[in-house]
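Chain by chain, the residues:
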Amino acid sequence: MEKPNVVLGVTGGIACYKALELVRLLVQDSCSVRVVMTREATEFVAPLSFQTLSGAPVGTDLFSLTQESEIGHINLADSADVLVIAPATANVIAKLAAGIADDLLTTVVLATQAPLLVVPSMNVHMLAHPMVQANIAKLRSAGYHVMEAVAGYLACGYEGKGRLPEPPAIAEEIRRLLRPKDLSGEKIVVTAGPSREALDPVRYISNRSSGKMGYALARAAARRGAKVTLVSGPTALAAPEGVTTVPVVTAEEMRAAVLAEFDSATAVLMAAAVADYRPRSTAGRKMKRGDGNRRVEFVPNPDIVAELTARRGRQVVVGFAAETESLVENARQKLHRKNLDLVVANDVTQEGSGFDVDTNAVTLLDRDGTVTPLPVMSKDAVADRICDWLLQHREHSHRRGA
């Protein structure tokens, strides 16, 4: 979807101000955003603020001849690829549950055929009220997607569940709803980040992996309907929404976590930069600096990828190769040596393809001999291209099986 159309409904709660940040994130994500505000919402935030951020007129009045001629509630409903209400108050949730259409927003909701996402935000006691909970359950049973409110300090002074989720989390849920669920039925294990091998209680050896490529893969696969387990070494990244994250530190811990998921997986994407070696022994106390050289003996870590391909059944195993020279030749050798289905290779000396950046330029090499170089693009875009390859591989395998 080149430029998806998001219709954002904003209702009268103090969390309205967070909807401004949501609009900014969606526009930054190349979405076309149309905002519809209830009358109560305009008491908290001026429509001009949303119009400035979205670059489009803001709908506020069902009976405005000007707005109906320029936007029109049916046009809004028909144009939406997804319709989101954030924040959603107890009042609008009750009206939706009852099928009431007495303003522009509720009229658009009843007229649209797009997926509907409702994001509640209200006082903790109001959210817990049996009627509110019954209305939320009714929306879910009618096919609405409802995000859970989060716990924390509320504007009313109470502490508890009722806060609007942060805009990045809502934006991620919108992305998930916009993507076709073409990987539904897949269980994908993704590894990400570095491993750390301790020298003593203070020091360790590691590498420069940020984990960004692996996290992008986990997000992309989850958006497309796969059940995803992310086995992650230490990173500074937030856990992706809708993904089961298993934190690990050492190569041995990563091996154990991956093997625990492997038998039930359909694919494993080994994007982690796992240490090839670890110290033979770890000092129990901090090693003090002394005169002369210090010798540390290293022993090999388990080769997780080779172990997976040796014991797999129908699982697809994808490896990654970070190279500094002879990219295709080295990647092809790894493909055959480890019996992989696909190798994703990148030259970390190339601009935009190194460590801790948001872009990558990779070359895909599969066991059928196909070599596909990709230009520099965001790691999210690279992750989608790898998911495309998984989908094509699955369809090809089904045809061969038939």
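These figures come from a predicted structure and were not determined experimentally.

Looking now at the pattern of salt bridges. Per the counting criterion, the structure on display carries 29 salt bridges. Of the charged contacts in the structure, one is a salt bridge between aspartate 102 and lysine 95, with a shortest N-O distance of 2.8 Å. Residue classification places aspartate 102 among the partly exposed positions, given a relative accessible area of 47%. Looking at lysine 95, the relative accessible area reads 12%, which means it is buried. Each of Arg179, Asp182, Arg224, Asp384 and Asp388 takes part in one network of salt bridges that share partners.

With respect to topology, eight strands assemble into an open sheet ordered β12-β11-β8-β13-β16-β17-β19-β20, the strand pairing being mixed. Each of the sheet's edge strands pairs with one partner strand only, and the pair in question is β12 (244-247) and β20 (371-373). Across the sheet, the mean angle separating the axes of adjacent strands is 15° when strand polarity is ignored. Where strand β19 (residues 362-366) meets β20, three bridges bridge the pair, whose relative direction is antiparallel. For threonine 363, the partnering residue across the bridge sits in β20 and is proline 373. Helix α12 (residues 304-311) rests against β13 (267-270) and β16 (316-323) of the sheet, and its axis sits at about 165° to β13.

Following both chains from N to C, one finds helix α5 (residues 90-98) and helix α6 (residues 104-111) inclined at 40°, their axes separated by 11 Å at the closest point. One way to sum up the angle between α5 and α6 is to call them oblique. When the axes of α5 and α6 are compared, the crossing they make is right-handed. Contacts between α5 and α6 pair Val92, Lys95 and Leu96 from the former with Leu105, Thr106 and Val109 from the latter. Per-class residue counts for the contact of α5 with α6 are four nonpolar, one polar and one charged.

Take α12 next. If you check which residues of α12 are buried, you get Ile304, Val305, Leu308 and Thr309. For α12, the angular spread of buried residues about the axis comes to 125°, placing them on one side. For α12, the elements touching its buried residues are α11 (251-262), β13 and β16.

So, on to a nonpolar patch on the surface. A cluster of nonpolar side chains, Ile14, Tyr17 and Phe44, forms an exposed patch at the surface whose accessible area comes to about 330 Å². Topologically, tyrosine 17 is positioned in helix α1 (residues 16-28).

What follows covers the nonpolar core. Within the largest apolar cluster, 35 residues are counted, with the highest numbers of intra-cluster contacts made by Ile188, Leu217, Val228, Val318, Phe320 and Val344. Put simply, the parts of the chain that give this core at least two residues each are β8 (187-192), α10 (212-223), β11 (227-232), β13, β16, β17 (342-347), β19 and α14 (379-401). Examining the composition of this core, we find that eight residues originate from one element, α10, more than from any other. Leu20, Phe50, Ala86 and Met147 belong to the second-largest nonpolar core, a separate cluster that totals 32 residues.

A word on the sheet that holds strand β4 (residues 116-120). The strand order across the open sheet formed by five strands is β2-β1-β3-β4-β5, and the pairing between neighbours is parallel. The two strands at the open ends of the sheet, each matched to only one other strand, are β2 (32-37) and β5 (145-146). Pairing analysis gives four bridges linking strand β1 (residues 5-10) to strand β3 (residues 82-88), with the strands arranged parallel. Directly across from leucine 8, in β3, lies its bridge partner valine 84.

Rules and cut-offs
- Residues numbered from 1 in each chain as written.
- Predicted model: local features only at pLDDT ≥ 70, side-chain atom pairs only at ≥ 80, totals over all residues.
- Heavy atoms only, no water.
- Salt bridge = Lys/Arg side-chain N within 4 Å of Asp/Glu carboxyl O.
- Buried < 20%, exposed > 50% of the residue type's maximum accessible area, 1.4 Å probe, protein only.
- Pairing = 2+ DSSP bridges.
- Helix = DSSP H or I, 4+ residues; strand = E, 2+ residues; numbered from the N terminus.
- Axes fitted to C-alpha atoms, helices over the stretch in contact; angles between N-to-C directions.
- Contact = heavy atoms within 4.5 Å.
- Parallel < 35°, antiparallel > 145°, perpendicular 65-115°, else oblique.
- Left-handed = near helix turned anticlockwise from the far one by under 90°.
- Nonpolar A, V, L, I, M, F, W, Y, C, P; charged D, E, K, R; others polar.
- Arc of directions from axis to C-beta.
- Patch = residues over 30% accessible without salt bridge, like charges linked within 9 Å, V, L, I, M, F, W, Y side chains within 5 Å.
- Areas by Shrake-Rupley, 256 points an atom, 1.4 Å probe, with all protein chains shown as cover.
- Core = buried A, V, L, I, M, F, W, Y, C linked by side-chain atoms within 4.5 Å.

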